[in-house]
Each structure stands twice: as structure tokens, then as C-alpha cells.
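Examination of the molecular architecture
Each chain, letter by letter, is given below.
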Amino acid sequence: MAYILDLSGRTALVAGGSSGIGLGIARALKSAGADVHITGTRQSLSDYGEGEIRAGLTYHSLDVTHDAAVSALADKFEVLDILVSSVGSVAYSKAEYEIDIFRDIMNVNLNGVMHLCTCFKDTLARAEDGSVLLLGSTSSFVATPGQPAYSASKGALRTLTKSLAHAWARNGIRVNGLAPGFVETKLTKRSRDNDDVYQQSLKRIPLRRWGVPEEMGQVALFLVSPMSSYVTGQMLLADGGITLM
């Protein structure tokens, strides 16, 4: 059996692919030959500045909490082989215990992801090997202190991965998840900038370093490619070993 990482001729959409882990995944898919589309919440790609390379990626402005906008984007795609959901929101300083903030985060991290998947289901089913990848977290497996909404939403994504994989297998769609640990992104900058928090985190990671988006991209590439053609309903940890203890 040949092991294939060539995605030439395949179309991919990375929701939340304008920066961070999502961008790392988008760039990995592009490097494998896929036609890659990304979404972000800003009006245009130029609004993100020049800090990260996004050349060759087709941009769409999208807020996944706006149901009509998600449906409208899905209608634009006649073909889609790979759907990656890397959207996510988090709040700090125990703000997630406030019910309005809790609801907002759940709406992005869970409800928006579910609607995104269902809107693209029929298009993915027409693909030869439709593949969905949901971005979870170590919080999909263990609690994150002070962040009940983030933890609850990421925990739910783990079982949503299983539920959709079971439901859509007969449609020829595989659904898997990727659960990163500490990764150097804009979303985690606040923790990295706090030296005490950062140093404590390193002590908890057996590999003694944070990951980078490019590493998550390589794991994602495996999960959406024919190399994992008999894998579905799984959420793979890529956390430097932090959940081993």
C-alpha cells in the first residue's frame, strides 16, 4: 500500500486559518498541494498585517456565530474535500464564570463548529474521501482551571468528533480531532508573556518546550490525508506529553 501525503487536486477549508494553529495547518495543506481556503473574522486578509505568511491562501471573512454567513459560505463551494475547524475563543481572569461570557465562548467553540460541519456535510459527502478535523485541546481531556467555558466546549468537541464520525461514516466522511497542548500563538501570548506562568508550564511538559503551529500542521496533515484512511472518531493529543502525568 502506498502512503500518500500528496493532496494535489483537493480543496480544503480551514475555518480560523488566518493565524496561529489554523494558519499552521493551512500552510501544511498547501505545501502538500491542496487548494486552501481560510477564514477569519476581519474584513480582508490585508487587515492581519505582514507578521505571518499567508501567500497562496484564499481568504473569506466569517464569524461562525452568524448562521446565515456560514450557510452562505457553504453555498460557494461546489467541491470540498477537507474541512478543518480551528475557530476558538477564550477569556482570562475567571471571566468565564460570568454567564454571558460563558455563553459567548460556547457559541463560538461548540455551536459555531457544529453548524459549520453540518453546512458542509453534503459537499464533503460528494468528495472521494471527505475529511473533517476539529481542533480540540488538552482541555478536551482534563480541566483547565479558571476557564469553565473553554474546558466545557473543548470537552464537548471530543465527543462531537465521535458522534459525527459515527453518523457520517456511511457518507464516506471521516471525522477526527487534534488536541494541542501549549502552542505559541496569539491566543496564548498572555500566558507566554507572564514569565512565572510560562516557566511553570515548561516544568509540566516532559519535552520541556511549547509546540509551534507548524508542528500541529504536520499532525493535521496526517489526519486529513489518505495516510489515516482507516482512522475516524479519534482525537489525537499533540501536547509534548503534558497529559501523561
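Higher on the page you've got the structure.
Residues numbered from 1 in each chain as written. Predicted model: local features only at pLDDT ≥ 70, side-chain atom pairs only at ≥ 80, totals over all residues. Heavy atoms only, no water.

**Some points on the state of the cysteines**
Between two cysteines, a covalent bond joining their sulfur atoms is known as a disulfide. For clarity, the threshold we go by: Note on terminology: disulfide denotes any pair of cysteine sulfur atoms within 2.5 Å.
All told, the structure shown has zero disulfides when counted by the stated rule. C119 takes part in no disulfide bond, and the closest cysteine sulfur, belonging to C117, lies 9.5 Å away.

**Looking at the environment of I53**
What counts is decided by this rule: Think of it this way: any DSSP run of H or I at least four residues long counts as a helix, any run of E at least two long counts as a strand, and we number them from the N terminus. Each residue gets one of three labels from its accessible area relative to the maximum for its type: buried under 20%, exposed over 50%, partly exposed in between, using a 1.4 Å probe on protein chains only. Throughout, a contact is declared for two residues whenever any of their heavy atoms are within 4.5 Å.
Locating I53 in the fold gives a position in the loop between β2 (35-40) and β3 (58-61). The class for I53 is exposed, based on a relative accessible area of 55%. Separated by 26 residues in sequence, I53 and R27 have C-alpha atoms that sit 8.6 Å apart. Not counting chain neighbours up to four residues away, the residues in contact with I53 comprise L23 and R27.

**Details of the pattern of salt bridges**
In plain terms, the rule: The term salt bridge refers to a side-chain nitrogen of Lys or Arg lying within 4 Å of a carboxyl oxygen of Asp or Glu.
Throughout the structure, instances matching the rule amount to four salt bridges. When the shortest N-O distance is used, the salt bridge between K189 and D193 registers 2.5 Å. With K189 and D193 both in helix α5 (residues 189-193), this residue pair falls four residues apart, about one helical turn. Under the relative-accessibility criterion, D193 is labelled exposed at 51%.

**Regarding the packing of aromatic side chains**
For the record, the criterion: Pairing of aromatic rings covers Phe, Tyr and Trp, the last counted by its six-membered ring, and requires centre-to-centre distances within 6.5 Å; plane angles under 30 degrees mean stacked, over 60 mean edge-to-face, and any other angle means tilted.
Summed over the entire model, instances satisfying the criterion amount to four aromatic pairs. Seen in terms of ring centroids, Y48 and Y59 are 5.8 Å apart; in terms of plane orientation they differ by 70°. Their pairing is edge-to-face. You can see Y48 sitting in the loop between β2 and β3 and its partner Y59 sitting in strand β3, a full eleven residues away along the chain. An identical accessibility class is assigned to Y48 and Y59; each is buried. With 5.5 Å between their ring centres and 50° between their planes, Y198 and W210 make a pair best called tilted.

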